[in-house]
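Okay, here's what each chain looks like letter by letter:
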Amino acid sequence: MSYLKFIFFILFLLASFSTHSHAVVTHNSLKLKPVPLNLASQVELSFNSKVELDLSEVFLVRSGDKMEVITATPGTKPGQVILSLPALPEGEYAIKLKIFAADGHLSEDLLRFFVRKTGQ
Amino acid sequence: MEGIANYLDSLIGGIDLTFYSIVVGGLIWGLLVLRPWQDGTHYNNTLLNNTVNLIHFGSKALTITQITQIGLKIWLMVATLGKSPFPAFFNTVQFQAGLLRASLAFVLAVFIRQFLKSNTRSKLYWQISTLIILPLVISGGWLVHGASRLEDREFLMTLTVTHQIAAAIWVGGIFQLLSIWRLKKHNSIAIELWPLLLKRFSLLGIAAVLILLATGTPLAWYNIASFKGLVGAGYGNLLMVKVIMMCLALGFAYLNRQAVNSYFENRSLYVLTTRVPYYIEVETLILLTILFTAASLASQPPAVDIPHLTASFEEVLNMFAPRMPRWESPTHEALIAGEAGRVAIVGQIPSEAATAWSDYNHNIAGIFLTTMSFFAMLSYFPRFSWAKYWPIGFMALGIFLFFRSDAESWPLGPLGFWESTFNNGEILQHRIATFLVFGLGLLEVRARINGHNQALPYAFPILAAFGGMMLLAHSHVGFEPKSAFLIQVGHTMMGVFSLILACGRWLELKLDSPGKNVAGFISVFALFQIGVILMFYREPLY
């Protein structure tokens, strides 16, 4: 039975489990307060768990999936994070998050949004 | 290497829980079931050494696993963030609690080696060992889901740690029973010990199940809070899988208890030696799957946090609705043409060709499996003995999947084999699944040709069980949680049936009649069910 034990061991190592995110954004200000056209602005995010911002990264994604790192700072409430966006022209964008939750799960999230002229 | 780092990081949680159970459950077994310091016990040194050795092995393995877990976390952060996580990582609770846990497991390993191994009948040393694991168990509270919650943190951490202890009692005890059965088979222990220890553990097992329910119910309620959350989110779905598997494990535990009660009435060892050990083997397989599912559950966002991303009951039901299988595949060119839009972050365009390609793959795989289950049923009739080679179908399915699973990579697509395998967790899982399916067929066909090989037939249920584990974990990582969940829900059901297929086949090989026939039928029926789910599979378009 020794080779069966070997198979068992190898398979034990191979049995993988899903890597869906644990830290998720439960509220964001993008829905209530659209990003203004050609003006620097801030976006507020609320997470469902504590996050380690020093070990996390946030990107602004422009058309063509060009990514740039943006600053993320802790908000006043637990789990709240403030993102600083540069002035953005009209178009579609996304915020890509790589977040390290306090329970050790590194998860990714994506928030898509549009910058439009007021009234559009 | 991000894919493989992510993959290993998600895997290590289940391994950690397994070794934790061997240690914690093993010590509680020693204190409450074995009680080797009492007079009048018939324990010989072989039994006691075996028990302590298992716990010692568990503590060493837990130390290594815990350190590996920290190492993997660092690797994952380097791979994902593209920069060093130091010194910030040193300040995280993860690092500090993980290191403390590893240190305590190491202290326990040293203590067992130096003292308990040479004084296996000493109550004092068993108690000191248990005292050492107390801070180890408590430190685990900072490594669970609840530790990062913003509200009710202490309450959730306490419930989870208690839940883990109860699970460890059950799983650790089962590992000890398997070890004792091995000694009994080799006539290394007194014959009456087997029923005696089974009986004693049975009571402890019931207590463990009650604690599991008492702690699991409020945890589930807190994290799910609605029927929609239970059926329409990954967290609720995996919890239901856990409940189904626990019911299966409890079924076997019930059969064992009945057998023990029967022994103490009529003193016949027949059932206790010809069925119970195999029920325990299957129970172990199910419990291990539960531990890995529990580890997976801890990485899911609680359903209560994502009501806007939760699927409705009707949407879930629709995933299983009967429909005509897709017979025609889009061309590879059409698939590749839609890939750039499908994977784009900004300006994403759903690809109908990609969805149709995936539907075709799943539906054809379903036809393979239902046809195989039909031949498997036929093979039970002597006239159709040639049908016993039905597992050839798995080899054909493996080849089909190799070409079709990830069409964007080698051999059909532009991405290289190694590059795609190690940089994408999903492709890595597909590759492993393909290898498993092919290996499953190859080994089982060889076993059927070479009927005298005693060990080879067991490769099939082992591979099927791990295939099931992979299905339970099948990850479509992306940024569309609702669509990803709707894909996941079909895969988790297939995972449950794969486990049933494996357990049924294992018992078919081990039991005598009529049990083996019942188990064999259940096994083939489970294969048929997987085929049906795959035949009706439709991937949500996103």
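Residues numbered from 1 in each chain as written. Chains lettered and ligands numbered in written order. Predicted model: local features only at pLDDT ≥ 70, side-chain atom pairs only at ≥ 80, totals over all residues. Heavy atoms only, no water.

Draft legend 1. Inspection of the interface of chain A and chain B at higher detail. Taken together, the contact between chain A and chain B spans 50 residues of the former and 67 residues of the latter. Interface area for chain A against chain B, summed over the two sides, is near 5,300 Å², with a carbon-plus-sulfur share of 66%. Put simply, chain A and chain B have one salt bridge between them. K83 of chain B is the partner of E57 of chain A in a salt bridge, and the nearest nitrogen-oxygen pair spans 3.7 Å. Elements represented by at least two residues in the side of chain A that touches chain B include exactly α1 (2-14), β1 (25-28), β3 (57-62), β7 (91-100) and β8 (106-115) of chain A. Looking at which element gives the most residues to the side of chain A that touches chain B, the answer is α1 of chain A, with eight residues. (Contact = heavy atoms within 4.5 Å. Buried area = accessible area lost by both parts, 1.4 Å probe. Salt bridge = Lys/Arg side-chain N within 4 Å of Asp/Glu carboxyl O. Helix = DSSP H or I, 4+ residues; strand = E, 2+ residues; numbered from the N terminus.)

Draft legend 2. Looking closely at the sheet that holds strand β2 (residues 41-47) of chain A. Residues and elements named next belong to chain A. Pairing is antiparallel across the open sheet formed by four strands, whose spatial order is β1-β2-β6-β5. Each having just a single partner strand, β1 and β5 (71-74) make up the two edges of the open sheet. Geometrically, the sheet is characterised by an average inter-axis angle of 30 degrees between neighbouring strands, direction not taken into account. (Pairing = 2+ DSSP bridges. Axes fitted to C-alpha atoms, helices over the stretch in contact; angles between N-to-C directions.)

Draft legend 3. Seen up close, the pairing of β3 of chain A. Residues and elements named next belong to chain A. Summarising burial for β3: five of the six residues are buried, a large majority. As defined by bridge partners, β3 adjoins strand β4 (residues 66-69) across four bridges and the pair is classed as antiparallel. Paired with V61 across the two strands is M67, which belongs to β4. Connecting β3 to the next strand, β4, in antiparallel fashion are three residues, including G64 with a positive phi near 85 degrees. (Buried < 20%, exposed > 50% of the residue type's maximum accessible area, 1.4 Å probe, protein only.)

Draft legend 4. Expanded view of the packing of aromatic side chains. Applying the stated criterion to the full structure yields 30 aromatic pairs over all chains. On the basis of an interplanar angle of 35 degrees and a centroid distance of 5.1 Å, the ring pair of F111 of chain B and F115 of chain B is categorised as tilted. Taking relative accessible area as the criterion, F115 of chain B reaches 37% and is therefore assigned partly exposed. What links up through ring pairs into an aromatic cluster is the set F402, F403, W410, F417, W418 and F422 of chain B. Taking NZ or CZ as reference, R116 of chain A lies 4.5 Å from the ring centre of F114 of chain A, over its face. Sitting above the plane of the Y458 of chain B ring, K510 of chain B keeps its charged end 5.0 Å from the centroid. (Phe/Tyr/Trp six-rings, centres within 6.5 Å; stacked < 30°, edge-to-face > 60°. Lys NZ or Arg CZ within 6 Å of the ring centre and 35° of its normal.)

Draft legend 5. Here's a closer look at the environment of V69 of chain A. Relative to the elements of secondary structure, V69 of chain A occurs in strand β4. Leave out the neighbours within four places in its chain, and V69 of chain A touches V58 and F59 of chain A.

Draft legend 6. Molecular detail of the packing of helix α3 (residues 93-114) of chain B against helix α4 (residues 123-139) of chain B. Residue and element names in this part refer to chain B. Relative orientation of the contacting elements α3 and α4 amounts to 170 degrees, with a least axis distance of 8 Å. Accordingly, the angle class assigned to the pair α3 and α4 is roughly antiparallel. Counting all contacts with α3, which are made through A97, L100, R101, L104, A105, V107, L108 and F111, the residues of α4 involved are Y125, I128, S129, I132, I133, P135, L136 and S139. When the residues that make up the contact of α3 with α4 are grouped by side-chain class, the tally is 13 nonpolar, two polar and one charged. (Parallel < 35°, antiparallel > 145°, perpendicular 65-115°, else oblique. Nonpolar A, V, L, I, M, F, W, Y, C, P; charged D, E, K, R; others polar.)

Draft legend 7. Just the sheet that holds β7 of chain A, in detail. All names here are of chain A. Read across the sheet, four strands follow the order β4-β3-β7-β8 without closing on themselves; strand pairing throughout is antiparallel. For this open sheet the edge positions go to β4 and β8, each flanked by a neighbour on one side alone. Ignoring strand direction, the axes of neighbouring strands in this sheet form an average angle of 25 degrees. As judged from the 10 bridges shared by β7 and β8, these two strands associate in the antiparallel manner. Opposite I95, over in β8, you have L111 as the bridge partner.

Draft legend 8. The arrangement of the side chain of T310 of chain B in detail. Residues and elements named next belong to chain B. Along the polypeptide, T310 turns up in the loop between α10 (276-297) and α11 (313-318). In terms of polar contacts, T310 uses its side chain to reach the backbone carbonyl oxygen of I306, at 2.7 Å. When neighbours within four sequence positions are excluded, T310 is seen to be in contact with K228, G229, G232, A233, A303 and K482. (Polar contact = N/O pair within 3.5 Å; in protein donor to acceptor, adjacent residues only side chain to side chain.)

Draft legend 9. A look at the confidence of the model for chain A. Averaged over every residue, the pLDDT of chain A is 84; residues scoring 70 or more account for 81%. Taken as a whole, residues 6-20 of chain A scores under 50 in pLDDT and shows 55 contacts with residues more than four places along the chain or in a different chain. (pLDDT = per-residue confidence, 0-100.)

Draft legend 10. Structural view of the pattern of salt bridges. Residues and elements named next belong to chain B. The tally for this structure, following the rule as stated, stands at 13 salt bridges over all chains. Notably, a salt bridge pairs E281 with K510, separated by 3.6 Å at the nearest N-O pair. Placement of the pair is E281 in helix α10 and K510 in helix α18 (residues 481-510), with a sequence separation of 229 residues. E281 gets classed as buried once you look at its relative accessible area, which sits at 18%. Residue E508 is joined to R505 by a salt bridge in which the shortest nitrogen-to-oxygen separation is 2.9 Å. Here E508 and its partner R505 are both found in helix α18, three residues apart, which amounts to about one turn of the helix. According to the relative accessible area criterion, R505 is buried, its value standing at 12%. Residues participating in the shared-partner salt-bridge network are E444, R448, R505 and E508.

Draft legend 11. Expanded view of a nonpolar patch on the surface. All names here are of chain B. Where nonpolar side chains cluster on the molecular surface, the patch consists of M377, V518, F521, I522, F525 and F528 and spans about 530 Å² of accessible area. Broken down by element, the residue count for the nonpolar patch peaks at five residues, all from helix α19 (residues 515-535). Its location among the elements puts V518 in helix α19. A residue is classified by how much of its surface remains accessible, and V518, at 48% relative accessible area, is partly exposed. (Patch = residues over 30% accessible without salt bridge, like charges linked within 9 Å, V, L, I, M, F, W, Y side chains within 5 Å. Areas by Shrake-Rupley, 256 points an atom, 1.4 Å probe, with all protein chains shown as cover.)

Draft legend 12. A look at the environment of G25 of chain B. Residue and element names in this part refer to chain B. On the secondary structure map, G25 appears in helix α1 (residues 2-34). Residue classification places G25 among the buried residues on the basis of a relative accessible area of 2%. Taking the C-alpha atoms as reference points, G25 and F175, separated by 150 residues in sequence, lie 8.8 Å from one another.

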